[in-house]
Amino acid sequence: MINRVESKSEPPVSRRVALRRMLLGVAGLGVGLPAHGQVPLPLTVFFYSPETNVNNYSVLKAEFDTFLAPRGGHQFQPFSDRETFERQVAAKPRGLFLLSSWHYKQLAGRHPLKPLLVGQANGRALQRHRIFSQSANPADLRSQKIATAGTRDFARAVLQEMLPEHPEIPPTLDILVVPKDIDALMAVGFGAARAAIAAESSADKLARLNQKQRDTLKPIGKGRESLLPVLAVHRDMADEAKAVARLFADMGTSPEGLARLKLLGLEALHELDAHQEEGLSR
Amino acid sequence: MTPNPILGALLALVAAARFLWAILFATGLIGPALNGLATGADSPPAKILVVNSDGRVEKYKTAQKSFRDSFEHPVKELDLSGLSEQAAVRAIRSESPTAVYTIGVKAAAAAGRSVPGKPMVVSSVINWHRLPSAKDPNTHVIANELPSAAQLTMFRYFFPRIRRVGVLYSRDFNRQWMADAVAAGTDVGIEVIGVPVRTGRAARTEAARLLAKVDALWVTADPVVLNNEADVRTLFEEAASARKPAFTYTSAFAVFNPTLIVAPDIATIGRQAAGILKGLADGSSKEVQNPAGSEMTLNLRAVREYGLELNTEAMDSVNHVIR
């Protein structure tokens, strides 16, 4: 059930929630509510992405909170630090997790997570990272600076995957972390890095904006296709998280929801098909 | 298996030599002899000093923290806030650093005087070309603004219908910059129209005339045009009166409500400085780098008021929103 509170006075949902909490306290019940026929308690959506060095946390927090608060009192909590985010996942908070599919695969091995939705951009749920370099010869990358919007861990992982014939090169690379894919790509053109790791779609975007810059970049390594970010939950929270998942699934259909998704580089979130779900479990 | 006495003696000799080397390095007796910086992938430079012009300034703090996190080796840090120029020079000299990272103009100037010739990385300095140490082959620089081509690319990204952008500039300071910007504009389908001015007052007079011919005003880092706060404010007010968007390069101008700010990401600058200093240990030559990261501030109120067509795809790049 989704609660929409339009009034600017004190939201009735908050009063109901407060009353429910009080009753639960009296009853000595410290557990979540059953999903059916009940008003769900507010949940928090925790966000972290090692694939993009998100440096707009204040905007994300403000915009998603503004969207979620009148729809059930839910909150959005972005993280800049992987360890802190992972501690949240381990603590099994009352909430959901919006995270990269690459990170999901790692965490799903340690925690009983269930993917609910997958992001979509340009009509696709998949992306592919590549190395874009000044030189077409991968051997020229040795000991060079490579720019990426991902974390160093992410960069090293995709480098190993993309340069299987040159396993000696990734450890020698000097990784420069920048805020966005397009920064990484332009850093090569402007001499701050010798190569960049970025999504193919970002290079296509650069080509539309500045073909001359794009022409300086030679794609030399190709990663596997991976899913865009997923919205996931601890399995025993799956029922309780349905209302929030529904909200996110509907975001792409309303202008105000879409505006928020665009902040994450997405245009929609959809339920995963069986193939996608299987891919995440591999 | 019987131990080989010759091999044993050799191993003992090697171990003793390594121990002696470690002692000499730890006491600093070897480090400075290695052309100022230690060599080898895992060896930190002997003594890195980070000099902050004013530790109370948020963007300076950000650069310093980012440098520290990225450098991965211990550094000595010095805050010059409250120190006179002479005291700052003495404070840096007394540290006898092997190499220095300076943040802000006060730190760069003081370090240039106190440890001339030492490897130095300079950031957060407007018009860094004017620093006496700028020509020193051991002074490495991270520029304070994104390249004009990067800014223009972002203008195009956010506002695909913007075709003509006007710039007021002084020939004395920015003749070459202007020529580069015009060329870069061609690459992204934006005509950059420059009007040279000699004084801030002239810039204010020319602004209205220029705004009549362009889709947007681009307020760039020009010491003549941006002579004082009143000049800066007037430029943005002229753009608002003409109902034209104003683009600019620094978040310091957010108070004037520009439509789009394309500023360098300060944390990335700190990481770049760390990268340059690490590279010096491997014998890298002089570097002048452009900032590699961007920080975008979008004024949605201005977008609405001026009826601009905004590419919503670009929203994934926005760091701050003015509503």
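Residues numbered from 1 in each chain as written. Chains lettered and ligands numbered in written order. Predicted model: local features only at pLDDT ≥ 70, side-chain atom pairs only at ≥ 80, totals over all residues. Heavy atoms only, no water.

## Quick look at the overall build of chain B
- Helix and strand counts for chain B come out as 10 helices and 13 strands.
- The buried share of chain B, reckoned over its 323 residues, is 53%.
- Considering only contacts in chain B between residues 6 or more positions apart, those separated by 24 or more positions represent 65%.
- Of the roughly 14,900 Å² of accessible surface on chain B, 54% is carried by carbon and sulfur atoms. (Helix = DSSP H or I, 4+ residues; strand = E, 2+ residues; numbered from the N terminus. Buried < 20%, exposed > 50% of the residue type's maximum accessible area, 1.4 Å probe, protein only. Contact = heavy atoms within 4.5 Å. Areas by Shrake-Rupley, 256 points an atom, 1.4 Å probe, with all protein chains shown as cover.)

## Description of the nonpolar core
- In terms of nonpolar packing, the biggest core is built from 86 residues, with Leu 96 and Phe 248 of chain A together with Phe 158, Phe 159, Trp 218, Leu 260 and Leu 298 of chain B touching the most fellow members.
- If you tally residues by element for this core, the top one is helix 5 (residues 148-158) of chain B, at seven residues.
- When near neighbours in sequence (up to four residues on either side) are disregarded, Leu 260 of chain B contacts Met 154, Phe 155, Phe 158, Phe 159, Ala 246, Phe 247, Thr 248, Met 296, Thr 297 and Leu 298 of chain B. (Core = buried A, V, L, I, M, F, W, Y, C linked by side-chain atoms within 4.5 Å.)

## Here we look at the environment of Ser 124 of chain B
- The residue Ser 124 of chain B is located in the loop between strand 4 (120-123) and strand 5 (139-142) in this model.
- The spacing of Ser 124 of chain B and Gly 270 of chain B is 146 residues in sequence and 9.8 Å in space, taken between C-alpha atoms.

## As for the interface of chain B and chain A
- Facing 33 residues of chain B, the contacting portion of chain A comprises 30 residues.
- Between chain B and chain A the total buried area reaches about 2,700 Å² when both faces are included, carbon and sulfur atoms providing 51% of it.
- Where chain B touches chain A, the interface holds four salt bridges.
- Between Asp 187 of chain B and Lys 212 of chain A there is a salt bridge, with the nearest N and O atoms lying 3.5 Å from each other. (Buried area = accessible area lost by both parts, 1.4 Å probe. Salt bridge = Lys/Arg side-chain N within 4 Å of Asp/Glu carboxyl O.)

## With respect to the domain arrangement of chain B
- As far as domains go, chain B holds domain 1 (48-144 + 267-289) and domain 2 (148-248 + 294-322).
- The centre of domain 1 of chain B, based on its C-alpha atoms, is set 31 Å off from the matching centre of domain 2 of chain B. (Domains from an automatic or database assignment.)

## A few points about the sheet that holds strand 9 (residues 218-227) of chain A
- Strands sit in the order 7-6-8-5-9 (chain A) across an open sheet of five strands; the sheet is mixed. For this open sheet the edge positions go to strand 7 (174-177) and strand 9 of chain A, each flanked by a neighbour on one side alone. Taking each pair of neighbouring strands and ignoring which way they run, the sheet shows an average axis angle of 20°.
- Here helix 9 (residues 266-280) of chain B sits on the sheet in contact with strand 6 (145-148) and strand 7 of chain A, set at roughly 165° to strand 7 of chain A. (Pairing = 2+ DSSP bridges. Axes fitted to C-alpha atoms, helices over the stretch in contact; angles between N-to-C directions.)

## A word on the packing of aromatic side chains
- Tallying each qualifying case throughout the model produces 21 aromatic pairs over all chains.
- Between Phe 79 of chain A and Phe 85 of chain A, the aromatic rings sit 5.8 Å apart at their centres with planes inclined by 70°, giving edge-to-face as the arrangement. The same class applies to Phe 79 of chain A and to Phe 85 of chain A, which are both buried.
- Where Phe 67 of chain B meets Phe 71 of chain B, the ring centres are 5.2 Å apart and the plane angle is 10°; that geometry is what we call stacked. Of this pair, Phe 67 of chain B and Phe 71 of chain B both sit in helix 2 (residues 58-71), separated by four residues, roughly a single helical turn.
- It is Arg 71 of chain A that lies over the ring of Phe 67 of chain A; its NZ or CZ is 4.0 Å from the centre. (Phe/Tyr/Trp six-rings, centres within 6.5 Å; stacked < 30°, edge-to-face > 60°. Lys NZ or Arg CZ within 6 Å of the ring centre and 35° of its normal.)

## Brief notes about unusual backbone geometry
- In the Ramachandran plot, Ser 143 of chain A falls in the positive-phi region, its phi being about 65° despite a non-glycine side chain.
- For Arg 243 of chain B, which is not a glycine, the phi torsion comes out positive at approximately 55°.
- Of note, Arg 243 of chain B is situated in the loop between helix 8 (229-241) and strand 9 (246-248).

## Focus on helix 9 of chain B
- Helix length check: helix 9 of chain B, at 15 residues, gives a terminal C-alpha distance of 22 Å against a target of 21 Å (1.5 Å per residue), a fit within 8%.
- Counting buried residues in helix 9 of chain B gives 14 out of 15 residues, a clear majority hidden from the surface. (Expected span 1.5 Å × (residues − 1).)

## Describing the confidence of the model for chain B
Residues and elements named next belong to chain B.
- Of the residues in chain B, 85% reach a pLDDT of 70 or more, and the chain-wide mean stands at 87.
- Counting contacts from residues 13-36, a segment whose pLDDT is below 50, to residues more than four positions away or on other chains yields 12 contacts.
- Scoring of the predicted complex yields 0.83 for pTM and 0.83 for ipTM. (pLDDT = per-residue confidence, 0-100.)

## Notes on the side chain of Ser 133 of chain B
All names here are of chain B.
- One can find Ser 133 in the loop between strand 4 and strand 5.
- In this structure Ser 133 comes out as buried when scored by relative accessible area, which is 11%.
- Not counting residues within four places of it along the chain, the set of residues in contact with Ser 133 comprises Gly 112, Met 120 and Thr 139.

## Here's the deal with the sheet that holds strand 10 (residues 230-234) of chain A
All names here are of chain A.
- Judged by pairing direction, the sheet is mixed, and its six strands sit side by side in the order 2-1-3-10-4-11 without closing on themselves. This sheet does not close on itself; its edge strands, each paired only once, are strand 2 (75-78) and strand 11 (268-271). Averaged over all adjacent pairs, the angle separating strand axes in this sheet is 30°, with direction ignored.
- Inspection of the sheet shows strand 4 (residues 113-120) paired to strand 10 by five bridges, in the antiparallel sense. When the sheet's bridge partners are listed, Lys 114 is paired in strand 10 with Val 233.
- Sheet strands touched by helix 2 (residues 57-68): strand 1 (44-48) and strand 2. Its angle to strand 2, the strand with the most contacts, is close to 165°.

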